[in-house]
Each structure stands twice: as C-alpha cells, then as structure tokens.
Amino acid sequence: MPYLILSDLHANLEALTAVLADAAGRYDEVLCLGDVVGYGADPNAVTDWVRQHARQTVRGNHDKVAVGLETLEWFNPVAQSATLWTRSQLTPENAAWLAGLPRGPLPLNGFQLAHGSPVDEDAYLVEPEDAYVACQCAAVPVTFFGHSHLQGGFEIRGRRVLEIQRPLPRQAERVIEFQPGATYLINAGSVGQPRDRDPRAAYALYTPGEPRAVLRRVTYDVATAQAKIRRAGLPTLLADRLAEGR
Ligand code: ZN
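Every value quoted in this text rests on a predicted model; they were computed, and no experiment measured them.

Observations regarding the environment of Leu20
Alright, step 1. Residue placement: Leu20 occurs in helix H1 (residues 13-23).
Alright, step 2. Distance from Leu20 to Tyr203, taken between C-alpha atoms, is 9.9 Å for residues 183 residues apart in sequence.
Alright, step 3. Once residues within four sequence positions are removed from consideration, Leu20 is found in contact with Leu4, Tyr27 and Trp49.

A short note on the coordination of the zinc ion
Alright, step 1. Donor atoms from the polypeptide that bind the zinc ion are Asp8 (OD), His10 (NE2), Asp35 (OD) and His149 (NE2), placed at 2.1 to 2.2 Å.
Alright, step 2. Taken together, the four donor atoms coordinating the zinc ion span angles of 86 to 177 degrees at the metal, a pattern that classifies the geometry as irregular.
Alright, step 3. Expressed as a motif, the donor residue spacing for the zinc ion is D-x1-H-x24-D-x113-H. Here Asp8 is found in the loop between strand E1 (3-6) and H1, whereas its partner Asp35 is found in the loop between strand E2 (29-32) and helix H2 (43-53), with 27 residues between them in sequence.
Alright, step 4. Residue classification places Asp35 among the buried positions, given a relative accessible area of 1%.

Calculation rules
- Residues numbered from 1 in each chain as written.
- Predicted model: local features only at pLDDT ≥ 70, side-chain atom pairs only at ≥ 80, totals over all residues.
- Heavy atoms only, no water.
- Helix = DSSP H or I, 4+ residues; strand = E, 2+ residues; numbered from the N terminus.
- Contact = heavy atoms within 4.5 Å.
- Donors = N, O, S within 2.8 Å, 3.2 Å for Na, K, Ca; no water.
- Tetrahedral: all angles 85-135°; square planar, octahedral: opposite > 155°, others 65-115°.
- Buried < 20%, exposed > 50% of the residue type's maximum accessible area, 1.4 Å probe, protein only.

Here is the structure:
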C-alpha cells in the first residue's frame, strides 16, 4: 500500500494540486508531516483537503503558531506577518483541527513521521551530526521528516552518515534503495515552498516493508500562487521566493 507523503504545504493550493495530479495512481493513502499553513494564500482550501484526505498528520511549527499554541515572537517579521494573516483567515473548524494535531514523532507500522527532528519537533535536521544523534534515538529504521524544506535526508550505516540526494533539476524522481542494516531519515521536501534551489513542488512515496522510497518533483503554476499571495497583501518576498525555490 503506497503512501503519498506530503510536508510543508504552506497553504499553496497550486503546488498541492500539481502534486496530486502527478501522484495520481501511485498511492492509496496520504500522510502529512505538518506545516499545512503559513506563507501561502490558501490556508483553508489546503487544510480542508488535508483534513479530508490525510490518514495521519503531525503538527508543524507554523500550524502551532497559526492557532496560538505557541507565540510568534521568535518568527522573523515576514513569518509573523504571514501568521497574523493566516489566523485571520482560518475557519474555526480548520483552526480547531490544526490545534488538535499530534506532536511528532508519530510511530506507524515500522516507520515514523516527524515534522523536524524525531528528537525535537521544532529542530532542523540538516547537519549529518544531528542526523546521527537522531538515528540513535529512532526505534524504527525509517523516519520521514520535513521542516527544512530541503528534500533528501540521510542514510546512516554504523557511524557513517551519507546524504541522500534529491532528484536533479531535469529528473522527475530519485529512488532511494535501502541497504540492509542501514537507518533512513528521509526529508520528503516541501510541497508549497521548496528551499533547495529547485522551485518544483516536492513529495515522497513509500510502501511499508519495501526496501525503497521515492522522491519526486513536479512543476506547478507558480505564477498563480504568487499572484494570490500579492493579492492577499502578504509580504511580496513570499511570492518572489517561490520562483527561485529558496
Ligand atoms: Zn515549513
């Protein structure tokens, strides 16, 4: 049963729509790694979809701040402004659903879901040293995470930490073949605001028990997502960055 794994959607409906079209026929169920909202112009449409379709969702830092579970004082001014706008838009039903999301890591059948590091939901898992520590604490061999918006992650074999490469700019996908005895921390990448210099929307596919995972990228209607951000009065930087994937 293949899972479609989505992270950091950030209220980008155009990116979500393109991912769903690209993934059609490749999955049975949906898992979500958090940051459903924040930055983008469609917080309710994207939350509605995730509420209806995701079998499990762990909360992201933007989900928490958007519904007041955490203060926004440590956000930069652009993120603060986007958060206040998102708060003003969310329906009571969507806000209540976001507020009730569980903290990661969320164990499933032989793998787990996290927003940031499995040792701290708000920590970025970017450095090999941090991946090594996180892998020592993981009770399962496969963890999917997000938060940094950098697709890829880490393969840990003994004391060696190898970085998993995302698809190259002209590639639609990269298959990660699992090695016996290794542990995997896989960053599904960001659907709605990629920051790895590839503006294409990112996602992952995984079937529990199979020794591989797939990272995919798909182009989407960036211009429409940008126009909506500008029309909503959100900081223009949030529109500009989508074109560059940064
Ligand atoms: Zn995020």
